[in-house]
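# Structural features, examined
Read off the chains here:
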Number of protein chains: 2
Amino acid sequence: MPPRAPLALTTDVVPFAIRAERLEVLLARHSTGWRLPGGPIEPGEDLDAAARRYLMEQTGLRDVYLEQLYTFGQPDRDPGQRAVAVAYYALVPAGSLPVDAAPAVDRPGWVGVDALPALALDHGEIVALAHRRLAAKLAYSTIALQLMPERFTLSELQAVHETILGEPLDKRNFRKRILALDCIEMTGEMARRGGHRPARLYRAKRPGQVDFIK
Amino acid sequence: MPPRAPLALTTDVVPFAIRAERLEVLLARHSTGWRLPGGPIEPGEDLDAAARRYLMEQTGLRDVYLEQLYTFGQPDRDPGQRAVAVAYYALVPAGSLPVDAAPAVDRPGWVGVDALPALALDHGEIVALAHRRLAAKLAYSTIALQLMPERFTLSELQAVHETILGEPLDKRNFRKRILALDCIEMTGEMARRGGHRPARLYRAKRPGQVDFIK
DNA sequence: TGCAATAGTGTGAAGTTGACACTAACATAA
DNA sequence: TTATGTTAGTGTCAACTTCACACTATTGCA
């Protein structure tokens, strides 16, 4: 066999979550700064499985929604070697966030997409593409439910949409539209948080499943 | 350095064209049958460039619309080796089709997507996914223009849509919608073909560019 | 008990979509 | 030259969807 040119095939994952009314990304430490969680695909390992594994190993996140985004292969994207990255994005429900009250150096950290530090390689572009894709999918799928905890209020769901789109939505129209989709149902329970009228708690009818609309 | 596990990173391309009112795919010869055009990515070669190169080398097609589709990496998709394929699809305008009046053995051949022979590996699934993506994009982009020759009639454009979607469309509504998109313009010329009223010839306002709608 | 804060609810106007049928212009053959 | 076959080209109305818009309800707390 001829000598094989060095080629690094990796997966990189953009883990999204809504935290404090912001869309944030969970970043891993890099020698000199930040990068997306990810790494080389092992022989015999499925691409999706590799993405899940790195997410687990580097951030502790598991059982999240994961979708292939795009494959980046510019020859000069990594100055050190020929690196091809199969990029994914993950949606982390608000309930399952690892609490990092005091984010240590060396630990992954959540950062708002609108205030990203410089990232390794082309990871900044990957995040930007993932954000665009996510925003587009809000319009024609029930994907936003993957960012919600098991039980949530309609106001919370609306806030998630608004945060991702970066624009306010009309409350009545939003509720009408969502309920017409027949993708969520009332639990009968109420959320009493704060000094005001309690809100009904809803849950996804088909958790884990993303339906297309229309 | 540790011995590197053998990994084949390839591109495969689904070249679509409309021929004789059918959506067809251009296939290449494979030892025992048919496969999609494609092959291993060279060191230092961009992914898109590799897809274009194989399309040129194996089918003679150049200057076509090309878009990344999905990356396939099931460990068992190729029984012979670990093979990861970055799949693309290409849209070939009706005018630029290589004429293969007598398709030789050993030459690529156009085949209707609804009558595909057995293909190598998972290439059948790749074609199916590409077809779904193309059909979906008709609804929210001007991508169908990439399948048209430089000048074309509205009836021809409608036939292309109908062929890809597999369902008839209303003539008046179709024309209204397309013209409202402001993506094509009259050339002033007429197509006189056959014993009937000639049709106006249109051309794309921004050839090569695919606009999103709405 | 009143104030602050969020939950929850309906209508009408504007715009979009979808169904539908006839006349126009040409080539060809009788 | 006329009749016939074939495709091109055109508008309206009803149904539906989208969008803008403001008030009452329920709670905790001061």
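Residues numbered from 1 in each chain as written. Chains lettered and ligands numbered in written order. Predicted model: local features only at pLDDT ≥ 70, side-chain atom pairs only at ≥ 80, totals over all residues. Heavy atoms only, no water.

A few words now on the environment of Gln158(B). Mapping Gln158(B) onto the fold places it in helix 3 (residues 154-165). Setting aside its immediate chain neighbours within four residues, Gln158(B) contacts Leu169(B), Asp170(B), Lys171(B) and Phe174(B). (Helix = DSSP H or I, 4+ residues; strand = E, 2+ residues; numbered from the N terminus. Contact = heavy atoms within 4.5 Å.)

This part covers the environment of Glu189(A). All names here are of chain A. Relative to the helices and strands, Glu189 is located in strand 8 (residues 184-191). When the C-alpha positions of Glu189 and Ser155 are compared, they lie 15 Å apart, and in sequence the two are 34 residues distant. Not counting residues within four places of it along the chain, the set of residues in contact with Glu189 comprises Arg151, Ala199, Arg200 and Leu201.

Here we take up the relation of the copies chain B and chain A. For the pair chain B and chain A, the best superposition has an RMSD of 0.0 Å and corresponds to a rotation of 180° with a translation of 0.0 Å parallel to the axis. Each copy turns onto its partner about a two-fold axis. Mapped onto chain A, 100% of the interface residues of chain B again fall at the interface, so both copies present the same surface. (Least-squares fit on C-alpha atoms with pLDDT ≥ 70 in both.)

Take the domain arrangement of chain A next. All names here are of chain A. Considered domain by domain, chain A is made up of domain 1 (7-137) and domain 2 (143-204). Inter-centroid distance (C-alpha atoms) of domain 1 to domain 2 is 27 Å. Across the contact, 18 residues belong to domain 1 and ten residues belong to domain 2. Both sides together, the interface formed by domain 1 and domain 2 hides about 1,100 Å², and carbon and sulfur atoms give 75% of it. The largest per-residue losses of area from domain 1 upon contact with domain 2 belong to Ile18, Glu21 and Leu91, which jointly make up 36% of the total buried on that side. Connecting domain 1 to domain 2 are zero salt bridges. At the boundary of domain 1 with domain 2, the tally comes to two residue pairs in polar contact (both at pLDDT 80 or more). Of all elements in the fold, only strand 1 (8-19), strand 2 (22-30), strand 5 (65-72), strand 6 (83-91) and helix 2 (123-140) reach the threshold of two or more residues within the side of domain 1 that touches domain 2. In terms of residues, the side of domain 1 that touches domain 2 owes the most to one element, helix 2, which gives four residues. (Domains from an automatic or database assignment. Buried area = accessible area lost by both parts, 1.4 Å probe. Salt bridge = Lys/Arg side-chain N within 4 Å of Asp/Glu carboxyl O. Polar contact = N/O pair within 3.5 Å; in protein donor to acceptor, adjacent residues only side chain to side chain.)

Turning next to the confidence of the model for chain A. Parts of the prediction with low pLDDT should not have their coordinates interpreted in detail. For chain A, the mean per-residue pLDDT works out to 92, and 93% of the residues sit at or above 70. With pTM at 0.94, the complex prediction returns an ipTM value of 0.92. (pLDDT = per-residue confidence, 0-100.)

Before going further, it helps to spend a moment on the interface of chain B and chain A. Opposite the 22 residues of chain B that make contact, chain A presents 22 residues. Where chain B packs against chain A, one counts zero salt bridges. Counting every contact that joins chain B to chain A gives seven residue pairs in polar contact (both at pLDDT 80 or more). When contributions to the side of chain B that touches chain A are tallied by element, the ones reaching two or more residues are strand 1 (7-19), strand 5 (65-72) and strand 6 (82-91) of chain B. Among the elements that take part in the side of chain B that touches chain A, strand 5 of chain B stands out by supplying four residues, more than any other.

Before going further, it helps to spend a moment on the packing of aromatic side chains. Residue and element names in this part refer to chain A. Evaluation of the coordinates by the stated rule reveals six aromatic pairs over all chains. Ring geometry for Phe16 versus Tyr89: centroids 6.5 Å apart, planes at 65°, classification edge-to-face. With Phe16 in strand 1 and Tyr89 in strand 6, this pair connects stretches of sequence that are 73 residues apart. The residues Phe16 and Tyr89 share a single accessibility class, namely buried. (Phe/Tyr/Trp six-rings, centres within 6.5 Å; stacked < 30°, edge-to-face > 60°. Buried < 20%, exposed > 50% of the residue type's maximum accessible area, 1.4 Å probe, protein only.)

Taken as a whole and assessed by the stated rule, the structure comprises 26 salt bridges over all chains. Of the charged contacts in the structure, one is a salt bridge between Arg19(B) and Glu24(B), with a shortest N-O distance of 2.7 Å. Given the relative accessible area of 23%, Arg19(B) is considered partly exposed. On the basis of relative accessible area, Glu24(B) is assigned to the buried category, the value being 4%. Here Asp182(B) makes a salt bridge to Lys205(B), at a shortest N to O gap of 2.5 Å. Of this pair, Asp182(B) sits in the loop between helix 4 (171-180) and strand 8 (184-191) while Lys205(B) sits in the segment after strand 9 (199-204), placing them 23 residues apart in sequence. Each of Arg19(A), Arg22(A) and Glu24(A) takes part in a single network of salt bridges with overlapping partners.

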